[in-house]
Amino acid sequence: WRSIAVVALVAVPMMANANDATIGSEVANNAMYGGTLMNTTAIFNAFPHLVTANGTGVELNTMGDGMGKVWWEAYDELWLTMDVGRMDYGMSGSAFMWGNGWSLLNPFDATVFENAMMINLGIAKPTSHGGGWAVGVKAAPNGGFDSTPAGGETDETNWSGYGLNGSWGNGDNFMVGAEWAMTSIEDVDGTNDVTQETSNMGFGVNARFDTDSYIYQGNFSFITSSETDDTPAPVVPDDDTTAFGFEVNAGRYLKNDVDGQATAEFGIGWVSASNESGDPVETDDTSAFLLPAVRVSAWENITDRFGLMGGVGFTYAMASNTFDD
């Protein structure tokens, strides 16, 4: 369960048109994470080119430490997009597709850039056939820091993250998007002369087709991470993890009007992960099957400037683990 948020519509009035597939009741998926000050939708995470159908707008969200989103038609039919402050933006499109509460493994919960203050800059433009495309670049400008205790050696932490995302729509309700993100972390223990290096890489592909009444979505995600340490094994063994999964879901608009929408989605998902560590290598294999996965969300105008949005999700998961030891 997640909170039901009361929202205030600010900046440019941007209520959806009836049967506007680019602003479905997935707007309520953002409400699951906290309040928002603009009736936008988390679907921008998966298909950012959709900004070309939604004018200029601003969103502020209370999730985590807070984040802001702007999409601005800077030139005729050329939009600039920017997200700032989100702390989990590495695989946000995949996280949206899986839905709040659907993820079994951390990599599918957008944690490639976990706890990294993000900025995402992009452009979006419509095509001559009524579709659109968008590309963006993501960065985690955390840099690094060091500390030197009295009478001790200097410890250092260096952090960098970057990524790309893009999407395309044919103008006839079919959309596809992709995202890639990479994070590198280096921790130097000056006192013990030990360096630990961690890297995470994620890749995801999203697809969607909808009509006036139905929604069909799917996602494939792949994650790999590794951790190495100068301390000789078996004290601190190297650690490698790979994970991949796919999910598909189908939904129906229970309501699809200019003053409010509601959807119900039903899906299935499957995840497989493998962790290897130690010398000799020991392997931990995990697999999980999600059935059913259900998400119901809605938003409704109360006045011209205020509305309600909310959602709830449920998943039954069957998981198994196999350990070498």
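Above: the structure in question.
Residues numbered from 1 in each chain as written. Predicted model: local features only at pLDDT ≥ 70, side-chain atom pairs only at ≥ 80, totals over all residues. Heavy atoms only, no water.

1. A look at the overall build of the protein
Looking only at helices and strands, one finds two helices and 14 strands in the protein. Counting only contacts in the protein whose residues sit at least 6 apart along the sequence, the fraction spanning at least 24 positions is 62%. Total accessible area on the protein stands at roughly 15000 Å², and carbon and sulfur atoms take up 59% of it. (Helix = DSSP H or I, 4+ residues; strand = E, 2+ residues; numbered from the N terminus. Contact = heavy atoms within 4.5 Å. Areas by Shrake-Rupley, 256 points an atom, 1.4 Å probe, with all protein chains shown as cover.)

2. Digging into the pairing of strand β14 (residues 306–323)
Two strands pair when backbone bridges link them, and strand β13 (residues 282–301) and β14 are joined in this way by 16 bridges, in the antiparallel orientation. Opposite aspartate 284, over in β14, you have phenylalanine 323 as the bridge partner. Where β13 folds back on β14, the antiparallel hairpin that results is connected by four residues. (Pairing = 2+ DSSP bridges.)

3. Description of the packing of aromatic side chains
Summed over the entire model, instances satisfying the criterion amount to five aromatic pairs. Considering the side-chain rings of tyrosine 162 and tryptophan 180, the 5.8 Å spacing of their centres and the 50° angle between planes classify their relative orientation as tilted. Note that tyrosine 162 is positioned in strand β7 (residues 155–169) and tryptophan 180 in strand β8 (residues 174–189), a separation of 18 residues in sequence. By relative accessible area, which is 41% here, tyrosine 162 ends up partly exposed. Centroid distance phenylalanine 244 to tryptophan 270: 5.6 Å. Interplanar angle 65°. Geometry classified as edge-to-face. Of this pair, phenylalanine 244 sits in strand β11 (residues 239–257) while tryptophan 270 sits in strand β12 (residues 260–277), and the two are 26 residues apart along the sequence. (Phe/Tyr/Trp six-rings, centres within 6.5 Å; stacked < 30°, edge-to-face > 60°. Buried < 20%, exposed > 50% of the residue type's maximum accessible area, 1.4 Å probe, protein only.)

4. A word on a nonpolar patch on the surface
Taken together, Val58, Leu60, Val70, Trp72, Leu80, Met82, Val84, Leu121, Ile123, Val135, Val137 and Leu164 make up a surface patch of nonpolar side chains, about 930 Å² in accessible area. Topologically, valine 58 is positioned in strand β2 (residues 57–61). (Patch = residues over 30% accessible without salt bridge, like charges linked within 9 Å, V, L, I, M, F, W, Y side chains within 5 Å. Salt bridge = Lys/Arg side-chain N within 4 Å of Asp/Glu carboxyl O.)

5. What about the pairing of β11?
Pairing of strand β10 (residues 214–229) with β11, which is carried by 14 bridges, proceeds in the antiparallel orientation. Each bridged residue has a counterpart across the sheet, and for serine 221 the counterpart in β11 is glycine 245. Inspection of the sheet shows β11 paired to β12 by 18 bridges, in the antiparallel sense. Each residue of the ladder has a partner; that of alanine 250, found in β12, is phenylalanine 266. From the end of β11 to the start of β12, which pair antiparallel, there are two residues.

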